[in-house]
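# Inside the fold
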Amino acid sequence: MLDMKFIRDHLDEAEQRLATRGGEPCLAGFRQLDERRRSLLIESETLKAQKNSVSEEISKVKDKSRVADKIAEMKTVSARIKTLDDELKTVEDELQHLLLTIPNLPHHSTPIGRSEADNVVVRSWGEPPSFSFEPKNHWEIGEQLGILDFERAAKITGARFALSKGAGARLERALISFMLDLHTTEHGYTEVLPPFMVNRASMTATGQLPKFEEDLFKLVDPDFLLIPTAEVPVTNIHRDEILKRSELPISYTAYTPCFRREAGSYGKDTRGLIRQHQFNKVELVKFVHPAESEAELEQLTGHAERVLQSLELPYRVVALCSGDIGFSACKTYDLEVWLPGQNAYREISSCSSFGDFQARRGSIRFRDDDKSKPEFVHTLNGSGLAVGRTLVAILENCQRADGSVVIPKALRPYMGGLENITTP
RNA sequence: GGAGAGAUGGCCGAGUAGGUCGAAGGCGCUCGCCUGCUAAGCGAGUAUACUGGGAAACCGGUAUCGAGGGUUCGAAUCCCUCUCUCUCCGCCA
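The rules behind the values
- Residues numbered from 1 in each chain as written.
- Chains lettered and ligands numbered in written order.
- Predicted model: local features only at pLDDT ≥ 70, side-chain atom pairs only at ≥ 80, totals over all residues.
- Heavy atoms only, no water.
- Buried < 20%, exposed > 50% of the residue type's maximum accessible area, 1.4 Å probe, protein only.
- Helix = DSSP H or I, 4+ residues; strand = E, 2+ residues; numbered from the N terminus.
- Pairing = 2+ DSSP bridges.
- pLDDT = per-residue confidence, 0-100.
- Axes fitted to C-alpha atoms, helices over the stretch in contact; angles between N-to-C directions.
- Contact = heavy atoms within 4.5 Å.
- Near = heavy atom within 4 Å.
- Polar contact = N/O pair within 3.5 Å; in protein donor to acceptor, adjacent residues only side chain to side chain.
- Nonpolar A, V, L, I, M, F, W, Y, C, P; charged D, E, K, R; others polar.
- Phe/Tyr/Trp six-rings, centres within 6.5 Å; stacked < 30°, edge-to-face > 60°.
- Lys NZ or Arg CZ within 6 Å of the ring centre and 35° of its normal.
- Left-handed = near helix turned anticlockwise from the far one by under 90°.

### A word on the pairing of strand S11 (residues 331–339)
Burial of S11 is extensive: 9 of the 9 residues sit out of reach of the surface. Residues Lys331, Tyr333, Leu335, Val337 and Leu339 line one face of S11 and the alternating positions Thr332, Asp334, Glu336 and Trp338 line the opposite face, and both faces are buried. When strand S10 (residues 315–319) meets S11, the two strands line up antiparallel, connected through 5 bridges. Bridged to Arg316 within S11 is Glu336. By the bridge criterion, 9 bridges tie S11 to strand S12 (residues 344–353) in an arrangement that is antiparallel. Pairing of Asp334 across the sheet is with Ser350, part of S12. Two successive antiparallel strands, S11 and S12, enclose a turn made up of 4 residues, where Asn343 displays a positive phi of approximately 55°.

See the structure below:
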C-alpha cells in the first residue's frame, strides 16, 4: 500500500511512476474520495466534540429534568453523527479498497521497460555444459530413472501435480535440508516452519489479496487460503508489531510447500515439474531498516546465488524491468538457471525488495530509539531456492549419456553418500 | 465435539448497581538528582492512528479497554454476534 499522504501531495508523480508498469492509470478517483473523507471526518468530529462536552455538563447536573432540552438536542446531534459516520465508513471502505489495489511504485533503480524483453541481464555465473549427446528433458530422465511419476500424480489428484519416488524423493528432501543448513549456518538466517494456510489479513498484508484471489487455493469452511509462497506466513510473523531498532535486520528462512492455481497459464509448461499446482520452496525473508534495504537486496540475492554456486549450476541474474516486477515489489532480481533440456535459462528464484509497501499493509514497524515515532520497516524476500526447479536443473545439467545423473558433491552427504542416480 | 473461564496500555494488574477513565497501582523503560562504584532511593516523563492549526517546536480535536453491531444525552462497564486464549472431558497424528 502506498502512503496516502504521499499520493495526496504527489498525485502526478505517483501516477507517472505507476505508468511505467504499464496497465491502466489507477489513481483516478483518489482525490475525490480523499477530500470527501476529510470533510465528513471534520464535520463528524466537530459534532462529537460538542456531544462530549455537553454530556459532561449533563453528568454534573443531578436533576436531569433541568437539562431535558440539552438531552433532546444531543439526541439530534447523535443521529446526525450516525448518518455522517455511515457515509464516512462507505467512503473509507472505497478508499481503502482503492489503495489496496494500487501496486507499489517501482524503485528508481528498476529499469524502465514494458515486458520481459526489457529485463536486464546483470551477470552470469558458470558455463552451460556441453554434451556429446542430445540432452533430454528432466521428465524423460526422471521417468526413465523411476524417480518421477506424473501419470500416477494425475490419477491421485490431477494435472500439474507430481509424485517423486526413491532417490528423487530423497533428492528433494536433501535439497531442502541443504538449503536450510546453508542459510542458517552461513548466512545468519533463523529457520522457521510456519503454517501452510493463512487467513485473509495475512494474504492482504503481503499483497496477494484483494487483487489476486483467483491465483489462490481456498478452503471452504474456515475461510483460510493455502500459501502460494512462504513469504506470506513468514512476513506476517511481525504483522501489527513495533520492533526495536536493535532487532533489525531480522532474517528468516523457511521451507514450505507452495500452492498456486496457475490460472491463466494454460498451455505453458504443461509437461514436467516447471509449473505445478504444488511445489516445494525454501524462502528467505528479511525485515530491515529502510536505509539498508538496497544493500540487503544485493546480499539476499547473493545468498540465493550461493545455492546455485554450491550445486555448480550455471545461472544468470536478471534485473526485472518496471513492466515485469510483481504487484508488491519495487525492485526484483530473478535468478535464471540454465536448463539444457529446454536450451534456455529459466527462473529458479525471484528476489525482491518491497520497500515499505507490505509493512504499511501489515503495520510492521520499528522504533529508531525509545523517543522516536514508529516507522515502517522494509521487507524483502527471495527464493533460496525453488526446490522442484532445482531438481529439474540437476537432472538436466548432470545427466549422462547412459541416462544416469551425477549428484552434485554438496548434496552427497544428504544422500547417504550416493554419487549417481542410475536406472534400477 | 461437550462443559466452563477469560480477553484492559511494553508487561503485570485494578476498575462492572453506565457519567468527568486513555483508563488506579506496580514492573519495565527514558531523563534528571543523589551516593567512591554498583545496588537502593528521590523527582519527572513514558500508547497508537486519523485529523485541524503551525515553517517547526508544539498546541487542539476525534477514535481506540479482543473485533463488529445495538441500547443511552453518555459504555471498559448493559445487550447481541463473531474471533482468539485457557481449563476439564471426549477424540486424534
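### Let's talk about the confidence of the model for chain A
Looking at chain A, the pLDDT average stands at 93 and 100% of residues meet or exceed 70. What the predictor reports for the complex is a pTM of 0.94 with an ipTM of 0.88.

### Here's the deal with the sheet that holds strand S15 (residues 378–386)
Strand order in the open sheet made by the 8 strands is S1-S10-S11-S12-S15-S9-S8-S4, with mixed pairing throughout. Strands at the two margins of the open sheet, each flanked by one partner only, are strand S1 (120–125) and strand S4 (190–192). Strand-to-strand twist in this sheet, taken as the mean axis angle between neighbours without regard to direction, amounts to 25°. On the sheet, helix H7 (residues 166–185) packs against S4, strand S8 (250–259), strand S9 (278–288) and S15 and is oriented at approximately 10° with respect to S9.

### What to know about the protein's contact with RNA strand B
In the vicinity of RNA strand B there are 27 residues, among which Arg37, Glu45, Ser78, Arg365 and Arg367 approach most closely. Here RNA strand B approaches the protein such that, of its atoms within 4 Å, sugar and phosphate make up 76%. Between RNA strand B and Lys82, the relevant distance is 3.2 Å, taken from a phosphate oxygen to a side-chain nitrogen or oxygen of the residue. Here a phosphate oxygen of RNA strand B sits 3.0 Å away from a polar atom, N or O, in the side chain of Arg365. Every element with two or more residues in the surface near RNA strand B is listed here: helix H1 (4–9), helix H3 (30–60), helix H4 (68–100) and strand S13 (364–367). It is H3 that provides the largest number of residues to the surface near RNA strand B, a total of 12 residues. Tallied by class, residues from the surface near RNA strand B come to 7 nonpolar, 4 polar and 16 charged.

### As for the packing of aromatic side chains
A complete count under the given rule lists 7 aromatic pairs for this structure. Here Phe178 and Tyr414 contribute two aromatic rings whose centre-to-centre distance is 6.0 Å and whose plane-to-plane angle is 75°, an arrangement assigned as edge-to-face. Here the residue Phe178 occupies a position in helix H7, and Tyr414 occupies one in the loop between strand S16 (405–406) and strand S17 (420–421), the gap between them amounting to 236 residues. Judged by its relative accessible area of 25%, Tyr414 is partly exposed. Geometrically, the ring pair formed by Phe327 and Phe357 is edge-to-face, given 5.7 Å between the ring centres and 80° between the ring planes. In this pair, Phe327 sits in the loop between S10 and S11 while Phe357 sits in helix H11 (residues 357–362), placing the two residues 30 residues apart along the sequence. There is no split in this pair, since Phe327 and Phe357 are both buried. Through pairs of rings, three or more aromatic residues link up here, namely Phe212, Phe327 and Phe357. Positioned above the aromatic ring of Phe217, the side-chain terminus of Arg261 is 5.9 Å from the ring centre.

### Looking at the packing of H7 against helix H12 (residues 387–397)
Relative orientation of the contacting elements H7 and H12 amounts to 115°, with a least axis distance of 10 Å. For the element pair H7 and H12, the recorded crossing hand is right-handed. Seen from H7, the contacting residues are Gly168, Leu171, Glu172, Leu175, Ile176 and Met179; seen from H12, they are Val387, Gly388, Thr390, Leu391 and Ile394. Each residue belonging to the contact of H7 with H12 can be placed in one class, and the counts come to 7 nonpolar, 3 polar and 1 charged.

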